[in-house]
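# Overview (structure and organization)
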Amino acid sequence: MNFMNKLERKFSRYAVSNLTMYLIFGYVAGYVMSRLAPGMLNYLTLDPYQILHGQVWRLVTWVLIPPSMQSILFYAIMMLFYYQLGMNLERSWGVFRYNVYIFGGILYTIIGAVVTWLVMTAVYKNAALTGAIVGMQVSTYYICMSIFLAFAVCYPNMQVMLYFIIPIKMKWMAYVYAVLMLLDLVQSAWPQRIVMVMSLLNFGIFFLSTRDLYRYSPKEIHRRRAYRQAVSRPQNAGITKHKCAICGRTELDDPSLEFRFCSKCAGNYEYCQEHLFTHQHVK
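Quantities reported herein were computed from a predicted structural model and do not represent experimental measurements. (Residues numbered from 1 in each chain as written. Predicted model: local features only at pLDDT ≥ 70, side-chain atom pairs only at ≥ 80, totals over all residues. Heavy atoms only, no water.)

All right, on to the overall build of the chain then. Assigned secondary structure in the chain consists of 12 helices and 4 strands. Buried positions account for 38% of the 283 residues belonging to the chain. Of the contacts formed within the chain by residues at least 6 apart in sequence, a portion of 61% connects residues at least 24 apart. Of the roughly 17,200 Å² of accessible surface on the chain, 64% is carried by carbon and sulfur atoms. (Helix = DSSP H or I, 4+ residues; strand = E, 2+ residues; numbered from the N terminus. Buried < 20%, exposed > 50% of the residue type's maximum accessible area, 1.4 Å probe, protein only. Contact = heavy atoms within 4.5 Å. Areas by Shrake-Rupley, 256 points an atom, 1.4 Å probe, with all protein chains shown as cover.)

Right, here's the structure in full:
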(Lines give C-alpha, C1' and ligand atoms only; values in the text may rest on other atoms or scores of the structure.)
Protein backbone atom coordinates (compact mmCIF):
# COMPACT_ATOMS: atom_id res chain seq x y z
CA MET A 1 0.00 0.00 0.00
CA ASN A 2 3.04 2.31 0.21
CA PHE A 3 3.11 2.22 -3.59
CA MET A 4 -0.57 3.17 -3.69
CA ASN A 5 0.04 6.02 -1.25
CA LYS A 6 2.83 7.36 -3.48
CA LEU A 7 0.59 7.19 -6.52
CA GLU A 8 -2.19 8.97 -4.65
CA ARG A 9 0.08 11.82 -3.61
CA LYS A 10 1.37 12.23 -7.14
CA PHE A 11 -1.74 11.71 -9.27
CA SER A 12 -4.73 12.35 -7.00
CA ARG A 13 -5.39 15.71 -8.69
CA TYR A 14 -6.27 13.84 -11.89
CA ALA A 15 -8.86 11.58 -10.24
CA VAL A 16 -12.45 11.85 -11.47
CA SER A 17 -14.96 12.70 -8.76
CA ASN A 18 -18.42 11.11 -8.90
CA LEU A 19 -17.12 8.45 -11.29
CA THR A 20 -20.13 6.21 -10.66
CA MET A 21 -22.46 8.93 -11.90
CA TYR A 22 -20.61 9.10 -15.22
CA LEU A 23 -20.77 5.32 -15.54
CA ILE A 24 -24.53 5.42 -14.95
CA PHE A 25 -24.94 8.15 -17.59
CA GLY A 26 -23.04 5.93 -20.01
CA TYR A 27 -25.27 2.97 -19.22
CA VAL A 28 -28.38 5.09 -19.78
CA ALA A 29 -27.05 6.21 -23.17
CA GLY A 30 -26.26 2.60 -24.07
CA TYR A 31 -29.70 1.43 -22.95
CA VAL A 32 -31.45 4.10 -25.02
CA MET A 33 -29.33 3.14 -28.02
CA SER A 34 -30.16 -0.54 -27.54
CA ARG A 35 -33.87 0.33 -27.75
CA LEU A 36 -33.77 2.88 -30.57
CA ALA A 37 -30.90 1.60 -32.72
CA PRO A 38 -29.75 -1.83 -31.49
CA GLY A 39 -27.55 -2.30 -34.54
CA MET A 40 -25.31 0.55 -33.37
CA LEU A 41 -24.13 -1.55 -30.44
CA ASN A 42 -22.17 -3.71 -32.88
CA TYR A 43 -19.89 -0.71 -33.45
CA LEU A 44 -19.28 -0.23 -29.74
CA THR A 45 -18.19 -3.72 -28.66
CA LEU A 46 -14.67 -4.55 -27.51
CA ASP A 47 -13.64 -6.30 -30.73
CA PRO A 48 -9.81 -6.64 -30.74
CA TYR A 49 -9.72 -7.36 -34.48
CA GLN A 50 -11.57 -4.16 -35.38
CA ILE A 51 -9.51 -2.15 -32.90
CA LEU A 52 -6.31 -3.24 -34.65
CA HIS A 53 -7.88 -2.17 -37.93
CA GLY A 54 -8.46 1.42 -36.87
CA GLN A 55 -11.66 1.36 -34.79
CA VAL A 56 -9.84 2.47 -31.64
CA TRP A 57 -12.97 4.03 -30.15
CA ARG A 58 -14.03 0.52 -29.15
CA LEU A 59 -11.47 0.67 -26.33
CA VAL A 60 -13.82 3.15 -24.63
CA THR A 61 -17.29 2.70 -26.11
CA TRP A 62 -17.71 -0.89 -24.91
CA VAL A 63 -18.20 0.58 -21.42
CA LEU A 64 -21.46 2.13 -22.67
CA ILE A 65 -22.98 -1.27 -23.35
CA PRO A 66 -25.34 -1.86 -20.41
CA PRO A 67 -24.62 -4.97 -18.34
CA SER A 68 -28.23 -6.13 -18.58
CA MET A 69 -31.04 -5.76 -21.10
CA GLN A 70 -33.96 -6.28 -18.71
CA SER A 71 -37.11 -4.17 -18.44
CA ILE A 72 -36.67 -0.46 -17.93
CA LEU A 73 -38.02 -0.63 -14.35
CA PHE A 74 -35.59 -3.39 -13.37
CA TYR A 75 -32.79 -1.55 -15.13
CA ALA A 76 -33.55 1.71 -13.31
CA ILE A 77 -33.61 -0.06 -9.92
CA MET A 78 -30.27 -1.77 -10.57
CA MET A 79 -28.62 1.45 -11.75
CA LEU A 80 -29.84 3.29 -8.64
CA PHE A 81 -28.55 0.44 -6.48
CA TYR A 82 -25.09 0.45 -8.06
CA TYR A 83 -24.98 4.25 -7.92
CA GLN A 84 -25.49 4.18 -4.16
CA LEU A 85 -22.86 1.45 -3.72
CA GLY A 86 -20.31 3.25 -5.86
CA MET A 87 -20.79 6.65 -4.21
CA ASN A 88 -20.42 5.11 -0.75
CA LEU A 89 -17.23 3.34 -1.78
CA GLU A 90 -15.84 6.57 -3.22
CA ARG A 91 -16.53 8.39 0.05
CA SER A 92 -15.01 5.54 2.08
CA TRP A 93 -11.87 4.91 0.03
CA GLY A 94 -11.32 8.35 -1.43
CA VAL A 95 -11.72 9.48 -5.03
CA PHE A 96 -8.28 8.32 -6.21
CA ARG A 97 -8.46 4.77 -4.87
CA TYR A 98 -11.96 4.30 -6.20
CA ASN A 99 -10.76 5.50 -9.61
CA VAL A 100 -7.91 2.99 -9.50
CA TYR A 101 -10.36 0.22 -8.64
CA ILE A 102 -12.80 0.98 -11.48
CA PHE A 103 -10.25 1.81 -14.18
CA GLY A 104 -8.24 -1.21 -13.08
CA GLY A 105 -11.26 -3.43 -13.74
CA ILE A 106 -11.73 -1.82 -17.17
CA LEU A 107 -8.04 -2.28 -18.05
CA TYR A 108 -7.95 -5.92 -16.93
CA THR A 109 -11.09 -6.62 -18.96
CA ILE A 110 -9.47 -5.19 -22.08
CA ILE A 111 -6.36 -7.30 -21.48
CA GLY A 112 -8.52 -10.38 -20.95
CA ALA A 113 -10.41 -9.74 -24.20
CA VAL A 114 -7.16 -9.38 -26.17
CA VAL A 115 -5.69 -12.56 -24.66
CA THR A 116 -8.90 -14.47 -25.40
CA TRP A 117 -8.93 -13.22 -28.99
CA LEU A 118 -5.29 -14.21 -29.56
CA VAL A 119 -5.85 -17.72 -28.20
CA MET A 120 -9.09 -18.21 -30.16
CA THR A 121 -7.47 -16.91 -33.34
CA ALA A 122 -4.60 -19.38 -32.92
CA VAL A 123 -7.11 -22.22 -32.53
CA TYR A 124 -9.76 -21.32 -35.13
CA LYS A 125 -7.58 -19.41 -37.63
CA ASN A 126 -10.20 -16.72 -38.20
CA ALA A 127 -9.25 -13.40 -36.60
CA ALA A 128 -12.33 -11.45 -37.74
CA LEU A 129 -14.82 -14.03 -36.51
CA THR A 130 -13.13 -14.61 -33.15
CA GLY A 131 -12.85 -10.84 -32.63
CA ALA A 132 -16.60 -10.45 -33.11
CA ILE A 133 -17.30 -13.35 -30.73
CA VAL A 134 -15.08 -11.85 -28.04
CA GLY A 135 -16.68 -8.44 -28.49
CA MET A 136 -20.17 -9.87 -27.94
CA GLN A 137 -19.07 -11.61 -24.73
CA VAL A 138 -17.45 -8.62 -23.06
CA SER A 139 -19.52 -6.23 -20.93
CA THR A 140 -19.25 -4.34 -17.67
CA TYR A 141 -21.42 -6.84 -15.84
CA TYR A 142 -18.59 -8.28 -13.78
CA ILE A 143 -17.14 -4.82 -13.12
CA CYS A 144 -20.49 -3.94 -11.57
CA MET A 145 -20.29 -7.17 -9.61
CA SER A 146 -16.84 -6.16 -8.35
CA ILE A 147 -18.39 -2.94 -7.00
CA PHE A 148 -21.03 -4.97 -5.20
CA LEU A 149 -18.46 -7.40 -3.74
CA ALA A 150 -16.20 -4.57 -2.59
CA PHE A 151 -19.12 -2.88 -0.84
CA ALA A 152 -20.13 -6.16 0.80
CA VAL A 153 -16.61 -6.64 2.15
CA CYS A 154 -16.48 -3.10 3.55
CA TYR A 155 -20.06 -3.09 4.89
CA PRO A 156 -20.91 -6.77 5.54
CA ASN A 157 -23.59 -6.10 8.16
CA MET A 158 -25.45 -3.36 6.31
CA GLN A 159 -29.04 -4.43 5.74
CA VAL A 160 -30.85 -3.80 2.46
CA MET A 161 -34.37 -4.59 1.32
CA LEU A 162 -34.24 -7.23 -1.41
CA TYR A 163 -36.96 -6.42 -3.95
CA PHE A 164 -38.08 -3.77 -1.42
CA ILE A 165 -39.57 -6.57 0.71
CA ILE A 166 -36.99 -8.98 2.13
CA PRO A 167 -34.46 -7.57 4.65
CA ILE A 168 -31.04 -9.14 4.12
CA LYS A 169 -27.48 -8.29 5.07
CA MET A 170 -24.92 -7.51 2.38
CA LYS A 171 -22.64 -10.39 3.35
CA TRP A 172 -25.36 -12.98 2.70
CA MET A 173 -26.11 -11.46 -0.69
CA ALA A 174 -22.39 -11.52 -1.45
CA TYR A 175 -22.20 -15.24 -0.61
CA VAL A 176 -25.12 -15.97 -2.92
CA TYR A 177 -23.62 -13.98 -5.79
CA ALA A 178 -20.23 -15.59 -5.24
CA VAL A 179 -21.79 -19.04 -5.59
CA LEU A 180 -23.64 -17.96 -8.75
CA MET A 181 -20.44 -16.60 -10.26
CA LEU A 182 -18.60 -19.82 -9.47
CA LEU A 183 -21.35 -21.73 -11.25
CA ASP A 184 -21.00 -19.41 -14.25
CA LEU A 185 -17.27 -19.97 -14.19
CA VAL A 186 -17.70 -23.75 -14.24
CA GLN A 187 -20.45 -23.85 -16.85
CA SER A 188 -19.05 -21.24 -19.26
CA ALA A 189 -16.67 -21.89 -22.13
CA TRP A 190 -13.03 -21.08 -21.49
CA PRO A 191 -13.05 -17.76 -23.47
CA GLN A 192 -15.83 -16.48 -21.21
CA ARG A 193 -13.90 -17.72 -18.18
CA ILE A 194 -10.88 -15.63 -19.12
CA VAL A 195 -12.98 -12.49 -19.53
CA MET A 196 -14.82 -13.16 -16.27
CA VAL A 197 -11.65 -13.71 -14.24
CA MET A 198 -9.93 -10.64 -15.70
CA SER A 199 -13.00 -8.46 -15.06
CA LEU A 200 -12.91 -9.43 -11.36
CA LEU A 201 -9.13 -9.23 -11.07
CA ASN A 202 -9.32 -5.72 -9.63
CA PHE A 203 -11.32 -7.06 -6.67
CA GLY A 204 -8.74 -9.74 -5.91
CA ILE A 205 -5.70 -7.48 -6.33
CA PHE A 206 -7.14 -4.63 -4.33
CA PHE A 207 -8.15 -6.65 -1.28
CA LEU A 208 -5.38 -9.23 -1.27
CA SER A 209 -2.76 -6.49 -1.50
CA THR A 210 -4.42 -4.38 1.20
CA ARG A 211 -2.96 -5.55 4.48
CA ASP A 212 -4.70 -2.81 6.44
CA LEU A 213 -8.18 -3.71 5.18
CA TYR A 214 -9.66 -2.68 8.53
CA ARG A 215 -9.05 0.95 7.49
CA TYR A 216 -12.05 0.66 5.16
CA SER A 217 -14.49 -0.67 7.75
CA PRO A 218 -17.36 1.68 8.70
CA LYS A 219 -16.21 1.78 12.33
CA GLU A 220 -12.67 2.80 11.42
CA ILE A 221 -13.87 5.37 8.87
CA HIS A 222 -16.15 6.93 11.50
CA ARG A 223 -13.30 7.00 14.03
CA ARG A 224 -10.95 8.78 11.61
CA ARG A 225 -13.58 11.35 10.66
CA ALA A 226 -14.35 12.06 14.32
CA TYR A 227 -10.64 12.44 15.01
CA ARG A 228 -10.16 14.89 12.12
CA GLN A 229 -13.12 16.95 13.30
CA ALA A 230 -11.76 17.04 16.85
CA VAL A 231 -8.31 18.09 15.66
CA SER A 232 -9.73 20.80 13.41
CA ARG A 233 -11.52 22.48 16.32
CA PRO A 234 -9.76 25.35 18.10
CA GLN A 235 -7.76 24.21 21.08
CA ASN A 236 -9.59 26.60 23.39
CA ALA A 237 -13.04 25.48 22.25
CA GLY A 238 -15.44 25.60 25.21
CA ILE A 239 -13.25 28.03 27.23
CA THR A 240 -14.87 31.43 27.70
CA LYS A 241 -13.38 34.83 28.51
CA HIS A 242 -16.45 36.29 30.17
CA LYS A 243 -19.09 34.95 32.53
CA CYS A 244 -21.86 36.78 34.39
CA ALA A 245 -21.72 36.17 38.12
CA ILE A 246 -25.55 36.35 38.34
CA CYS A 247 -26.99 34.44 35.36
CA GLY A 248 -23.88 32.52 34.31
CA ARG A 249 -24.20 33.48 30.65
CA THR A 250 -21.04 33.77 28.53
CA GLU A 251 -20.14 35.20 25.14
CA LEU A 252 -20.83 31.76 23.69
CA ASP A 253 -24.50 32.04 24.69
CA ASP A 254 -24.95 35.41 23.02
CA PRO A 255 -22.11 37.09 21.09
CA SER A 256 -23.89 40.45 21.38
CA LEU A 257 -23.72 40.46 25.19
CA GLU A 258 -21.38 42.98 26.85
CA PHE A 259 -19.60 42.25 30.13
CA ARG A 260 -18.10 44.60 32.73
CA PHE A 261 -16.37 44.26 36.09
CA CYS A 262 -18.01 46.06 39.02
CA SER A 263 -15.68 48.46 40.83
CA LYS A 264 -17.87 48.48 43.94
CA CYS A 265 -17.76 44.70 44.49
CA ALA A 266 -15.02 43.25 46.67
CA GLY A 267 -13.14 40.96 44.27
CA ASN A 268 -13.19 40.35 40.53
CA TYR A 269 -16.87 39.95 39.78
CA GLU A 270 -18.01 40.27 36.18
CA TYR A 271 -21.59 40.93 35.11
CA CYS A 272 -23.48 41.01 31.82
CA GLN A 273 -25.11 44.24 30.69
CA GLU A 274 -28.46 43.18 32.14
CA HIS A 275 -27.11 42.66 35.68
CA LEU A 276 -24.31 45.22 35.83
CA PHE A 277 -26.49 47.89 37.50
CA THR A 278 -29.09 45.68 39.16
CA HIS A 279 -26.95 43.24 41.11
CA GLN A 280 -26.31 43.38 44.83
CA HIS A 281 -22.73 44.44 45.52
CA VAL A 282 -20.44 41.93 47.14
CA LYS A 283 -18.84 43.33 50.33
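After that view of the structure, there is still more to cover.
Within the span of helix α7 (residues 127-137), buried status applies to Thr 130, Gly 131, Val 134 and Gly 135. All buried residues of α7 project into a common sector of 140° when viewed along the axis, lining one side. Looking at the packing, one finds that the buried side of α7 touches α3 (48-52) and α6 (95-124). (Arc of directions from axis to C-beta.)

In this structure the tally under the stated criterion is 8 aromatic pairs. Judged by centre distance (4.9 Å) and plane angle (75°), the ring pair of Tyr 141 and Tyr 142 falls under edge-to-face. Residues Phe 148 and Tyr 177 carry aromatic rings whose centres are separated by 4.9 Å and whose planes lie at 70° to one another, so their mutual orientation is edge-to-face. Residue Phe 148 is found in helix α8 (residues 141-154), and its partner Tyr 177 is found in helix α9 (residues 170-187); the two are separated by 29 residues along the sequence. We classify Phe 148 as buried; its relative accessible area is 1%. Judged by its relative accessible area of 27%, Tyr 177 falls in the partly exposed class. Put simply, the rings of Phe 81, Tyr 82, Phe 148 and Tyr 177 touch in pairs and so form one group of aromatic residues. (Phe/Tyr/Trp six-rings, centres within 6.5 Å; stacked < 30°, edge-to-face > 60°.)

Mean pLDDT over the chain: 79, with 85% of residues reaching 70 or higher. At the low end of the mean pLDDT range in the chain sits helix α12 (residues 218-232), at 57; at the high end sits α3, at 90. (pLDDT = per-residue confidence, 0-100.)

Within the largest apolar cluster, 48 residues are counted, with the highest numbers of intra-cluster contacts made by Trp 62, Leu 85, Leu 89, Trp 93, Ile 102 and Phe 148. Broken down by secondary-structure element, the contributors of at least two residues to this core are α2 (19-36), α5 (72-93), α6, α8, α9 and α10 (190-199). Here the element with the most residues in this core is α8; it accounts for 11 residues. With 8 residues, the next largest nonpolar core counts Phe 259, Tyr 271, Cys 272 and Leu 276 among its residues. (Core = buried A, V, L, I, M, F, W, Y, C linked by side-chain atoms within 4.5 Å.)

Unusually for a residue other than glycine, Asn 18 sits at a positive phi of about 55°. With respect to the helices, strands and loops of the structure, Asn 18 is situated in the loop between α1 (2-11) and α2. Unusually for a residue other than glycine, Lys 125 sits at a positive phi of about 60°. Its place among the elements puts Lys 125 in the loop between α6 and α7.

Take Thr 116: it is sitting in helix α6. The buried category is assigned to Thr 116, whose relative accessible area is 0%. A polar atom in the side chain of Thr 116 sits 2.7 Å from the backbone oxygen of Gly 112. The contact partners of Thr 116, leaving out residues within four places of it in the chain, are Val 134, Pro 191, Ile 194 and Val 195. (Polar contact = N/O pair within 3.5 Å; in protein donor to acceptor, adjacent residues only side chain to side chain.)

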